[in-house]
Amino acid sequence: MSEPAQPKDSSPSFLTVDEAAELLRVNRKTLYEAIRLGQVPGVVRLGRCVRLSRATMLSWSPGQGGPALKEKQS
């Protein structure tokens, strides 16, 4: 049996929360809270697992997500 061909860029298409937090240079708890509040695009939930689209994370600017954490929405 042969292995499927790997793309030239061997980076995964989806990141764990820890990997995305490292990429965005934020605390993982902060990222989990932003995900919970619906402020992060490209989130995929598979049961209890949360994955984030690498392409979306690279093109997304965290300041575009809405109000800051702990800030009340009107």
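For clarity, every value in this text was computed on a predicted model and none was experimentally measured. (Residues numbered from 1 in each chain as written. Predicted model: local features only at pLDDT ≥ 70, side-chain atom pairs only at ≥ 80, totals over all residues. Heavy atoms only, no water.)

A. Molecular detail of the overall build of the protein. Helix and strand counts for the protein come out as 3 helices and 3 strands. Secondary structure elements of the protein occur, N-terminal to C-terminal, as β-α-α-β-β-α. Buried residues in the protein amount to 20% of all 74 residues. Expressed as a percentage of contacts within the protein between residues at least 6 apart in sequence, the contacts between residues at least 24 apart total 50%. Carbon and sulfur atoms make up 50% of the accessible area of the protein, which totals about 6000 Å². (Helix = DSSP H or I, 4+ residues; strand = E, 2+ residues; numbered from the N terminus. Buried < 20%, exposed > 50% of the residue type's maximum accessible area, 1.4 Å probe, protein only. Contact = heavy atoms within 4.5 Å. Areas by Shrake-Rupley, 256 points an atom, 1.4 Å probe, with all protein chains shown as cover.)

B. Up close: helix α1 (residues 17-24). For α1, the complete set of buried residues consists of V17, A20, A21 and L24. The buried residues of α1 occupy one face: seen down the axis, they fall within an arc of 100°. Note on α1: the residue one or two positions beyond its end, R25, has a positive phi of about 60°. (Arc of directions from axis to C-beta.)

C. The arrangement of the environment of M57 in detail. Within the secondary structure, M57 is located in helix α3 (residues 54-59). Residue classification places M57 among the buried residues on the basis of a relative accessible area of 2%. As a C-alpha pair, M57 and F14 span 43 residues in sequence and 9.5 Å in three-dimensional space. In contact with M57, other than residues within four places in its own chain, are L15, A20, L23, L24, V40, P41 and L52.

D. Spatial organisation of the packing of α1 against helix α2 (residues 28-36). For the pair α1 and α2, interaxial distance at closest approach is 9 Å and the crossing angle is 105°. In this view, α1 runs roughly perpendicular relative to α2, as classed from their interaxial angle. Here V17, D18, A20, A21 and L24 of α1 lie close against α2, whose contacting residues are R28, L31, Y32 and I35. Its residues assigned to classes, the contact of α1 with α2 comprises 7 nonpolar, no polar and 2 charged. (Axes fitted to C-alpha atoms, helices over the stretch in contact; angles between N-to-C directions. Parallel < 35°, antiparallel > 145°, perpendicular 65-115°, else oblique. Nonpolar A, V, L, I, M, F, W, Y, C, P; charged D, E, K, R; others polar.)

E. Structural view of the pairing of strand β2 (residues 43-46). Sheet analysis places β2 next to strand β3 (residues 49-53), joined by 4 bridges and oriented antiparallel. Bridging from a neighbouring strand, V44 pairs with R51 of β3. Taking the residues between adjacent antiparallel strands as the criterion, β2 and β3 are bridged by 2 residues, where G47 takes a positive phi near 65°. (Pairing = 2+ DSSP bridges.)

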